[in-house]
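Listed below, chain by chain, are the residues.
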Amino acid sequence: MNTELHEKRIPIIKIGNFLIVSIQVDMHDKLAIQLQSQILEEIEKTGAKGVLIDISVLEMVDSFIGRMLSGMASMASIMDAAVVIIGMQPAVAITLVELGLEMTGVDTALNMEKGMEMLERRIRGEYFELN
Amino acid sequence: MLQLTSDNNWEELGKHVIETEHDIVSVRQYIRYHAKELSMGIIDQTRITTAVSELLRNMYNYGGGGVVTIEKGVVDEKNALIVTCVDQGQGIENIDLALSDGYTSGKGMGYGLPGAKRLVDRFEIKSEINKGTIVRVMKWK
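Residues numbered from 1 in each chain as written. Chains lettered and ligands numbered in written order. Predicted model: local features only at pLDDT ≥ 70, side-chain atom pairs only at ≥ 80, totals over all residues.

Draft legend 1. Inspection of the overall build of chain A at higher detail. Counting its secondary structure elements, chain A contains five helices and five strands. In chain A, the order of α-helices and β-strands from amino to carboxyl end is α-β-β-α-β-α-β-α-β-α. With 131 residues in all, chain A has 34% of them scored as buried. When contacts within chain A are restricted to residue pairs at least 6 apart in sequence, those whose partners lie at least 24 apart make up 80%. (Helix = DSSP H or I, 4+ residues; strand = E, 2+ residues; numbered from the N terminus. Buried ≥ 20, exposed ≤ 12 C-beta atoms within 10 Å, placed from the backbone. Contact = placed C-beta atoms within 7 Å.)

Draft legend 2. Region of the structure containing the packing of helix 2 (residues 29-46) of chain A against helix 3 (residues 63-78) of chain A. All names here are of chain A. Where helix 2 contacts helix 3, the axes come no closer than 10 Å and their chain directions differ by 15°. Of the possible angle classes, the one that applies to helix 2 and helix 3 is roughly parallel. Along this stretch, helix 2 crosses helix 3, giving a crossing that reads as right-handed. Contacts between helix 2 and helix 3 pair Asp29, Ala32, Ile33, Gln36, Ile39, Leu40 and Ile43 from the former with Phe64, Ile65, Met68, Gly71, Met72, Met75 and Ala76 from the latter. Of the residues belonging to the contact of helix 2 with helix 3, the class tally is 11 nonpolar, two polar and one charged. (Axes fitted to C-alpha atoms, helices over the stretch in contact; angles between N-to-C directions. Parallel < 35°, antiparallel > 145°, perpendicular 65-115°, else oblique. Left-handed = near helix turned anticlockwise from the far one by under 90°. Nonpolar A, V, L, I, M, F, W, Y, C, P; charged D, E, K, R; others polar.)

Draft legend 3. Just the sheet that holds strand 4 (residues 82-86) of chain A, in detail. Residue and element names in this part refer to chain A. Sheet architecture is open: five strands sit in the order 1-2-3-4-5, paired in mixed fashion. Among the strands making up the open sheet, the edge pair consists of strand 1 (12-15) and strand 5 (107-109). The mean angle between the axes of side-by-side strands here comes to 25°, regardless of whether they run parallel or antiparallel. Across four bridges, strand 1 lies against strand 2 (residues 18-22) in antiparallel orientation. Within strand 2, the position partnered with isoleucine 15 by the bridge is phenylalanine 18. Here helix 2 sits on the sheet in contact with strand 1, strand 2 and strand 3 (50-54), set at roughly 160° to strand 2. Taken strand by strand, helix 3 contacts strand 3 and strand 4, and its axis lies near 155° from that of strand 4. (Pairing = 2+ DSSP bridges.)

Draft legend 4. Representation of helix 2 of chain A. Residues and elements named next belong to chain A. Helix length check: helix 2, at 18 residues, gives a terminal C-alpha distance of 26 Å against a target of 26 Å (1.5 Å per residue), a fit within 8%. Every buried residue of helix 2 is listed here: Leu31, Leu35, Ile39 and Ile43. Seen end-on, helix 2 carries its buried residues on one side only, within an arc spanning 115°. Of the exposed residues in helix 2, the ones pointing more than 90 degrees away from its buried face are Ser37, Glu41, Glu44 and Lys45. (Expected span 1.5 Å × (residues − 1). Arc of directions from axis to C-beta.)

Draft legend 5. How the structure looks around the sheet that holds strand 3 (residues 78-87) of chain B. Residue and element names in this part refer to chain B. Taken together, the five strands give an open sheet; going across it, the order is 1-2-3-5-4, and neighbouring strands pair in antiparallel fashion. At either margin of the open sheet sits one strand with a lone partner, and together these are strand 1 (11-18) and strand 4 (122-128). Within this sheet the neighbouring strands show an average axis-to-axis angle of 15°, counted without direction. Pairing analysis gives 10 bridges linking strand 2 (residues 66-75) to strand 3, with the strands arranged antiparallel. Of the residues in strand 3, the one forming a bridge with valine 67 is valine 86.

Draft legend 6. View of the environment of glycine 63 of chain B. All names here are of chain B. In this fold, glycine 63 is placed in the loop between helix 2 (42-62) and strand 2. Along the backbone, glycine 63 and lysine 131 are 68 residues apart, and their C-alpha atoms lie at a distance of 9.7 Å. Discounting residues that sit within four places of it in the chain, glycine 63 has contacts with Asn58, Asp87, Gly89, Gly132 and Thr133.

What follows is the structure in structure tokens.
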């Protein structure tokens, strides 16, 4: 059947210090968990300082995917990388709040450009603190 | 088998078996499609799709899968999309507890049932230990 198609990995692209992940499919739970570990492995391998996760195509984020995204942010921060969620649709944001998910600690940006600026500021800020 | 009262005037739009995680993804898409067909707004489409997604996950994780029926009909003089999820799993011991925020039997974070309930206009549930659970949600157009 078409299981092979379903099991396809979601591509992670590295640009400079950042990883860019664009979720283009309606994820089932296993795929979401797989993506989570895939991103963490990639952070370890590349030493990326930031991850941009584009969810602008996602028409629905339920409690599982919401938890996966916020868990992702805390795990990445332990690995010294920041996560910014890009392009959440208004209906998705409303539903998440009504569902009761607070998504604490998750940074969001309206688009990729703003998300990148956010991460760059963050990295500069960290260096500033160190000096 | 557990049952909830139905109305013969409801029209069945689809009946789907949930056996794998892929079935959950495709039923989510059917729900959105039918919500759109009923000309619900984008936010209501998202609410009912998300609510059903939570129910399907419960069904898959705790009920060993089950059957979802999608119907449309008039309920209390309102056009409604009606989604009924039936499983023959372990059942829920304490429904009030399962419906309270933050309660979880282990795997989740406890947003599933109470969250789904908040997202819909009507929520009905019946469960019997070792027989199964039936949950029906409705969203008005």
